[in-house]
Amino acid sequence: MSTFKQLIHEAHRRSLWQVLGIYLAVSWIALQIVDVLVSNFGLPDWVPPGALVLLVIGLPIVLATAFVQEGMGRGPDQVGPTPPLHGGAALGPADPSSPAPHRDPSGAHPGAHAVPAGASPPGGQGQGPGLVQGTGSLDLPSTRPSRFAHLFTWRNAIAGGVLAFAALGFLVVSYWFMWSTGIGPVGSLVAQGVIEVEEPIVLAEFHNGTNDPVMGELVTSTLRIDLVESPVITLAERAHVADVLRRMERDPDAPLTAELAREVAVREGLKAVIEGDVQPAGVSYVLTATIRATEDGRSLSAFRVTADDPDAVVGAIDELSQRIRERAGESLRTIRAGEPLEGATTSSLEALRKLTEAEKLTTQGDDPGAIALLEEAVELDPTFAMAYRKLAVLLRNNRIDADRMVDAASLAYEHRSRLTDRERYLTEAYYHQVVSGDWDAQLQAYRAVLRAHPDDVTALNNLALMYLGTDREAATELLERAVAAPGAPDVAYQNLTGNYIRQNRLDKAQDIAERFQERYPDNLWTVETLAIVDAFAGRPEEARPRLASLYDDPAASRFQRVRSSQWHGAMSQQRGRAADARRYYEQALREAEELGPSQELRRAVDLARVDLRLSLSRERALAVVNAALDRGLLEAAPVLDRPFFQLATFLAEAGEVQRTRELLGRWSEETPPEVTPDLVEARQSIVHAFLAERAGDYESALALLDEGRRGLDCTYCWMNQRARIVAGGGDRAGAIAAWEERARSVDTFLPAQLVQLPLAYEQLCALHAEAGNGAEAVNYCGLFVSLWESADPELQPRVDAARRAMENASRITGD
């Protein structure tokens with residue numbers, strides 16, 4: 001017997017209630033299978049409702065079939081015994097062992113009572129099953145088939161169900177074929193050639209027809225969060241759009257209306273824009289969006305969703321985003337794989353509003369205002385991971401309360417499951433950067449972002465920073481990609497400029513700094529960046545006016561004024577003008593009072609190092625630091641922001657061995673458990689190297705210094721100290737090589753690096769002169785003299801010594 005026939009046979013054997021139970025169980029299994037197929041193969045959203053409709057339609061058909069086949073008489077498919085007559089025994093083949101029943105001559109069954117024709121039998125009305133007088137025969141229950149029996153058969157019911165689901169499958173295949181090939185109204189825009197994968201699309205700000213002043217911005221920014229996750233749609237970065245608006249001589253901070261967005265798209269040769277509208281409908285909101293062709297303004301696709309109340313707005317935006325992504329050409333499977341927006345952001349509309357307002361203030365340079373709004377946002381929703389992450393970034397960028405910064409980064413990490421994939425990886429990387437110090441985890445997180453979004457400027461920039469200490473070529477390549485991207489941020493330009501300065505490629509640094517100013521003409525950091533290039537290129541007469549204009553600019557932040565003073569002081573110190581350097585560092589110290597005790601203490605160390613690094617007055621240097629410590633600045637600073645490392649290296653270089661050891665012990669005791677011990681251990685190894693050098697144990701000093709550099713993944717760090725230790729150990733050739741490496745490049749992009757360059761020239765002047773390397777001695781002695789020729793009188797003896805060495809070397813070489 002075939003499977004199909006066996007199935008029919010089994011159906012015949014079941015009662016009506018059994019059929020109903022079996023059908024419901026099979027329907028549930030079928031819906032589960034459909035759900036799995038939808039999730040794993042990206043079937044359209046209408047497939048589960050379609051399957052449910054077919055099953056609902058099939059239910060009465062199956063029940064009717066069961067009723068006809070089991071309760072309305074038996075048709076041709078009848079199986080089983082004949083029902084009994086009036087509760088008596090069923091008629092059937094005679095039992096050979098039973099005697100034949102006695103019949104009277106009329107042929108009636110013994111005991112039967114005659115009933116007149118047309119009369120009702122006892123107990124009923126009308127003619128029913130039984131004996132009818134005048135027929136002269138026995139009438140059995142009717143075996144004539146019901147008029148529905150041929151229609152409602154199990155064969156027809158099962159075959160109909162199979163055909164119905166086959167038709168549903170055909171519709172799904174047809175839809176997928178049309179969607180993937182761009183045929184008809186369901187064809188994706190990518191398949192139709194209207195847009196291309198990864199080609200930027202401009203997202204206009206949604207028109208706000210509500211009474212809520214930020215509803216349009218809120219919908220726009222939230223929609224952007226989800227669309228950024230799409231592997232098909234690439235939104236033009238806001239920084240790129242602002243740059244285009246500047247070139248159009250339009251206000252880059254003005255709302256990007258639909259009309260203005262199309263102008264930007266036309267100027268940049270982009271094919272499409274997404275525009276939208278938010279309108280009230282009683283307590284509901286109606287969100288509409290249109291993908292519009294740039295060339296002729298025609299609508300490529302339109303969408304409309306409704307949020308029943310304010311709390312449903314985020315869910316409505318999520319639905320709108322999914323429709324846009326599917327129409328563009330993204331697989332439903334990848335769309336559904338992402339976290340729903342309500343889970344990836346916040347269920348609190350008010351908290352989301354605060355984040356939106358904070359983002360706007362950040363673009364306007366009002367970081368303090370943005371920080372205050374973000375604090376309010378996380379109070380409204382303590383699981384708001386995106387707000388925590390943004391808060392941590394702003395606190396760190398503005399050097400505000402490292403404890404709060406670490407708390408915010410840790411809470412963002414704790415609730416990272418509520419983030420989109422990109423934001424989650426960026427949050428994990430930031431946490432490992434500022435809290436755990438796990439270099440490998442940070443690296444993997446940034447790489448994960450770049451696998452999904454190869455042009456993500458945040459990941460490109462931050463990954464490059466990780467390589468600056470170990471592989472500057474790799475860092476250069478990543479930063480070049482970042483500044484070439486449409487949404488290149490200002491920090492990418494700053495970091496690439498600094499990386500070229502580190503490699504002594506000053507022409508390239510100048511080019512990037514000029515491109516930075518062209519791209520962001522109103523950004524004050526461009527002023528500092530150009531000034532720094534001038535400073536390292538030996539053009540103080542150009543650098544100083546730039547720094548002065550930055551310091552005097554009313555729009556400059558307190559931190560920018562501190563930086564301006566630091567660079568002024570470093571340039572003076574590089575030229576041996578100690579008095580001028582002290583004046584500028586004192587100015588930086590005064591400005592830092594508004595930034596908190598940690599920054600104030602760090603600037604006091606900078607001031608003290610003028611005397612220490614130039615070997616002028618150890619007592620005066622210690623007096624500056626002691627005064628800051630006596631004021632309780634170390635205790636007043638947040639625990640995670642206490643500059644133990646700067647203080648310990650200063651005290652070690654000043655010869656305060658016992659105080660240094662005491663500070664190291666306190667540092668270990670006060671380090672919070674969330675800070676990785678490996679990071680502290682690496683930094684303390686460097687301090688111990690300074691102490692070993694002071695004790696004359698150069699072998700141990702070199703081993704400790706290199707151990708610390710490896711622990712911090714920074715092979716270029718503390719090159720001056722390493723060269724000094726090698727020289728102290730008597731390895732002249734090794735010292736020359738180490739100092740020359742320092743002369744060719746710099747450790748970090750900081751003011752202190754300007755100060756160390758003349759010290760490298762002075763050491764190379766002396767070492768080459770001692771080695772009898774006349775030409776090299778003349779070169780480095782000349783470089784040192786050119787920098788210090790106008791040094792303070794107390795430093796002129798060192799200049800005179802360099803001149804004598806240069807004269808002696810000149811005689812050796814015959815010049």
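Higher on the page you've got the structure.
Read on for a plain summary of the structure. If you're wondering where the values come from, they're calculated on a predicted model, not measured in any experiment. (Residues numbered from 1 in each chain as written. Predicted model: local features only at pLDDT ≥ 70, side-chain atom pairs only at ≥ 80, totals over all residues. Heavy atoms only, no water.)

The next thing to look at is the overall build of the protein. Broken down by element type, the protein carries 36 helices and 6 strands. Out of the 815 residues belonging to the protein, those deemed buried represent 47%. Intrachain contacts of the protein at a sequence separation of at least 6 include 60% that bridge at least 24 residues. Approximately 38,600 Å² of the protein is accessible, and the part contributed by carbon and sulfur atoms is 54%. (Helix = DSSP H or I, 4+ residues; strand = E, 2+ residues; numbered from the N terminus. Buried < 20%, exposed > 50% of the residue type's maximum accessible area, 1.4 Å probe, protein only. Contact = heavy atoms within 4.5 Å. Areas by Shrake-Rupley, 256 points an atom, 1.4 Å probe, with all protein chains shown as cover.)

Next up on the list: the packing of aromatic side chains. Scanning the entire structure with this criterion turns up 11 aromatic pairs. For the ring pair Trp-525 and Phe-559, a centre distance of 6.4 Å and an interplane angle of 65 degrees mean the geometry is edge-to-face. Placement of the pair is Trp-525 in helix 21 (residues 525–536) and Phe-559 in helix 23 (residues 558–574), with a sequence separation of 34 residues. Across the pair, exposure class does not vary: Trp-525 and Phe-559 are buried alike. Through successive ring pairs, a cluster of aromatic residues spans Phe-644, Phe-645, Trp-667 and Trp-718. Sitting over the face of the ring of Phe-645, Arg-683 holds its NZ or CZ atom 5.9 Å from the ring centroid. The residue whose ring lies beneath Arg-724 is Phe-690, and the NZ or CZ to ring-centre distance is 5.9 Å. (Phe/Tyr/Trp six-rings, centres within 6.5 Å; stacked < 30°, edge-to-face > 60°. Lys NZ or Arg CZ within 6 Å of the ring centre and 35° of its normal.)

If you look at the biggest cluster of nonpolar residues, it comprises 112 residues, and the most contacted ones within it are Leu-463, Phe-650 and Trp-788. Per-element tally for this core: the top contributor is helix 34 (residues 752–771), with 8 residues. Leu-203, Leu-227, Leu-287 and Leu-374 belong to the second-largest nonpolar core, a separate cluster that totals 63 residues. (Core = buried A, V, L, I, M, F, W, Y, C linked by side-chain atoms within 4.5 Å.)

Turning our attention to the side chain of Glu-428. Looking at where Glu-428 falls in the secondary structure, it is placed in helix 15 (residues 421–436). With residues near it in sequence (within four places) discarded, Glu-428 still touches Tyr-413, Arg-416 and Ala-445.

For the pair helix 15 and helix 16 (residues 439–452), the least separation of the axes is 8 Å and the interaxial angle reads 160 degrees. Here helix 15 is positioned roughly antiparallel relative to helix 16, judged by the angle of their axes. Two packed elements cross with a definite hand, and for helix 15 against helix 16 that hand is left-handed. On the side of helix 15, the interface is formed by Arg-422, Tyr-425, Leu-426, Glu-428, Ala-429, Tyr-430, His-432 and Gln-433, while helix 16 contributes Ala-441, Gln-442, Ala-445, Tyr-446, Ala-448 and Val-449. (Axes fitted to C-alpha atoms, helices over the stretch in contact; angles between N-to-C directions. Parallel < 35°, antiparallel > 145°, perpendicular 65-115°, else oblique. Left-handed = near helix turned anticlockwise from the far one by under 90°.)

Moving on, we get to a nonpolar patch on the surface. A cluster of nonpolar residues, Trp-28, Ile-29 and Ile-33, forms a patch on the protein surface that exposes about 340 Å² of accessible area. Along the chain, the position of Ile-29 falls in helix 2 (residues 16–41). (Patch = residues over 30% accessible without salt bridge, like charges linked within 9 Å, V, L, I, M, F, W, Y side chains within 5 Å. Salt bridge = Lys/Arg side-chain N within 4 Å of Asp/Glu carboxyl O.)

Glancing now at a negative patch on the surface. On the surface, a cluster of negative charge is made up of Asp-438, Asp-440, Asp-678, Glu-681 and Glu-707. With respect to the element layout, Asp-440 can be found in helix 16. Relative accessible area serves as the criterion here: at 51%, Asp-440 is assigned to the exposed category. (Lys, Arg positive; Asp, Glu negative; His and termini not counted. Charge placed at Lys NZ, Arg CZ, Asp CG, Glu CD.)

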